[in-house]
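Residues per chain, in single letters:
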Amino acid sequence: MSTKALTVAPRFYKQWMLAGNPAYFFDRIARDLGDFVLCRGVLDFYFLNHPELVRSVLKDTNSRFDKNSPLYSQFRKAFGTGLVIVEGELWKKQRRLLQPHFSPTAVRASFDLMQECIDRCSERWQRYVSEDATFNMVGEMHDLTLDIAGTTLLGGNFAAAQKRIARWTHNINVYSATLPLPVVSNLWFPTPKNLSLKKTLREFYEFIAQTVEERKGGTVQNGLLNALLEAQDPETGEKMSAEQLGAEILGVIIGGHETSSAALTWAWCELAQNPDVEERLHQELDRVLGGEKPTLKHMPQLKYTRMIVDETMRLHPPFWFENRNTTEDVELWGATVPKGSMIAFSRYSLHRHPDFWPEPERFNPERFSEESPGTKHAYVPFGGGPRVCIGIHFATLELVMALATLAQRYRAVLREKEPVRMRALLTMEPMHGRLSMGLVPRDGSAARAPICPADSFWPGIPPPVITNLS
């Protein structure tokens with residue numbers, strides 16, 4: 001259904017689906033009722049599923065729209081005063097402080113640290129091949145991207161805290177995906193999730209305070225944290241407060257690894273199911289790299305690798321859901337949306353809109369070739385407008401590097417007994433946080449990979465058992 005008019009859904013229409021997989025709920029709304037729908041029930045909101053509407057919201061964020069919505073209020077309990085949450089002058093100040101450290105030039109300076117982390121993963125994968133192992137790709141990619149985020153941010157302090165940080169980020173991911181309900185969503189209400197979040201935040205901020213003291217003592221001198229400690233607002237000369245610094249580090253770690261982890265996991269899943277795409281990827285890697293490790297000079301030449309990354313984030317957008325609050329009455333497609341209304345859109349549905357994506361369920365990296373015109377706001381994995389993701393350059397470099405380095409040496413093969421299903425939390429990943437895969441070395445000497453046990457693994461934690469049936 002695609003008419004440029006507002007549809008009013010029956011009250012509580014299909015909202016029971018929110019308790020299951022919310023991405024499927026929004027997809028059902030789009031298919032049943034169209035691209036612009038007023039939904040009323042547990043939450044009242046306007047659902048958008050058209051590039052014109054999404055463009056209006058993203059472009060005018062900070063003027064007619066902000067993030068003071070019920071769902072961002074839920075996030076705010078976890079992320080505090082971090083850049084992804086705050087509004088107004090504080091947002092402008094924090095963006096000025098952080099932006100220089102995420103510019104293309106600054107990100108390229110992290111290339112060697114990223115490569116060291118990817119090399120550690122590659123060495124671990126060699127052991128999996130030699131041991132004829134099946135492993136959980138979700139856990140592997142969590143570990144890899146957390147290693148990259150933590151090493152580039154915290155430097156030498158990260159390794160000892162990696163398992164704790166993985167647990168903290170998992171707890172925050174689960175909490176942030178919880179529907180904000182009256183009373184029980186207040187942190188003082190003793191639900192298991194509320195108690196877990198409070199404990200997580202207490203432990204995290206204690207860790208950050210300790211890390212900052214060690215930096216001041218001069219024991220560790222690398223990592224982005226040092227730059228943030230010294231960063232001064234170019235207009236006021238002020239530095240970040242301790243609370244603000246902790247909130248920004250939390251946002252960078254979670255934003256810098258949860259989303260990238262999900263994207264890489266789905267990339268391996270799609271490559272395993274699309275051998276023609278995988279073969280073309282290998283041809284590009286062999287031609288461009290010639291058996292060498294990727295370097296900065298190789299990045300612009302890895303065009304098909306980048307297209308695979310883009311197509312993966314189309315079908316499987318890691319941060320899949322977005323919402324805003326209207327700060328004034330707004331007219332959209334001839335309808336007046338009152339001040340204080342919640343606006344929502346699902347990247348999962350938008351990126352599958354059949355009017356803009358032929359054969360939307362098909363994995364086809366050619367959509368992102370230079371000759372393909374595309375539709376700008378039908379594809380927004382990093383958002384857009386003034387609040388476009390600050391880590392876009394970091395994530396893009398990381399994803400292309402990781403895929404190129406690992407795919408040059410290995411093929412990943414699915415060991416799932418059933419079709420791979422997804423779950424939508426704060427990020428989108430395979431159901432139960434598990435994707436059982438084996439590895440085949442690119443030299444063709446395939447190892448037999450057993451089926452992984454049905455038990456799920458905690459995201460971010462290496463699989464506890466490596467099975468060898470040889």
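*Asks:* So, the nonpolar core: which residues are in play, and what are the values?
*Replies:* Counting residues in each nonpolar core, the largest one holds 81 residues, and the members touching the most others are Phe45, Trp125, Met137, Leu144 and Trp268. Examining the composition of this core, we find that 11 residues originate from one element, helix α15 (residues 392-409), more than from any other. In contact with Leu144, not counting residues within four places along its chain, are Cys117, Ile118, Cys121, Leu264, Ala402 and Leu406. Among the nonpolar cores identified, the runner-up in size contains 41 residues, and Ile85, Trp168, Leu250 and Ile253 belong to it.

*Asks:* Outline the pattern of salt bridges, listing residues and values.
*Replies:* One pass over the structure, following the stated rule, counts 28 salt bridges. In this structure, Glu278 engages Arg411 in a salt bridge whose closest nitrogen and oxygen atoms are separated by 3.0 Å. Separated by 133 residues along the polypeptide, Glu278 in helix α12 (residues 275-289) and Arg411 in strand β10 (residues 410-414) bring together distant segments of the chain. Put simply, Glu366 and Arg280 hold a salt bridge, and the shortest N to O gap is 1.9 Å. Residue Glu366 is found in the loop between α14 (347-350) and α15, and its partner Arg280 is found in helix α12; the two are separated by 86 residues along the sequence. Where salt bridges share partners, they join Lys59, Asp60 and Arg64 into one cluster.

*Asks:* Please provide a residue-by-residue account of the packing of helix α7 (residues 137-154) against helix α8 (residues 158-176), values included.
*Replies:* Close contact between α7 and α8 brings their axes to 10 Å; oriented N to C, the two are set at 130°. Taken together, α7 and α8 sit at an angle that is classed as oblique. Read as a crossing pair, α7 and α8 show a hand that is right-handed. Contacts from Asp143, Leu146, Asp147, Gly150, Thr151 and Leu154 of α7 reach α8 at Phe158, Gln162, Ile165 and Ala166. Residue composition of the contact of α7 with α8, grouped by class: 5 nonpolar, 3 polar and 2 charged.

Scoring rules and cut-offs
- Residues numbered from 1 in each chain as written.
- Predicted model: local features only at pLDDT ≥ 70, side-chain atom pairs only at ≥ 80, totals over all residues.
- Heavy atoms only, no water.
- Core = buried A, V, L, I, M, F, W, Y, C linked by side-chain atoms within 4.5 Å.
- Buried < 20%, exposed > 50% of the residue type's maximum accessible area, 1.4 Å probe, protein only.
- Helix = DSSP H or I, 4+ residues; strand = E, 2+ residues; numbered from the N terminus.
- Contact = heavy atoms within 4.5 Å.
- Salt bridge = Lys/Arg side-chain N within 4 Å of Asp/Glu carboxyl O.
- Axes fitted to C-alpha atoms, helices over the stretch in contact; angles between N-to-C directions.
- Parallel < 35°, antiparallel > 145°, perpendicular 65-115°, else oblique.
- Left-handed = near helix turned anticlockwise from the far one by under 90°.
- Nonpolar A, V, L, I, M, F, W, Y, C, P; charged D, E, K, R; others polar.

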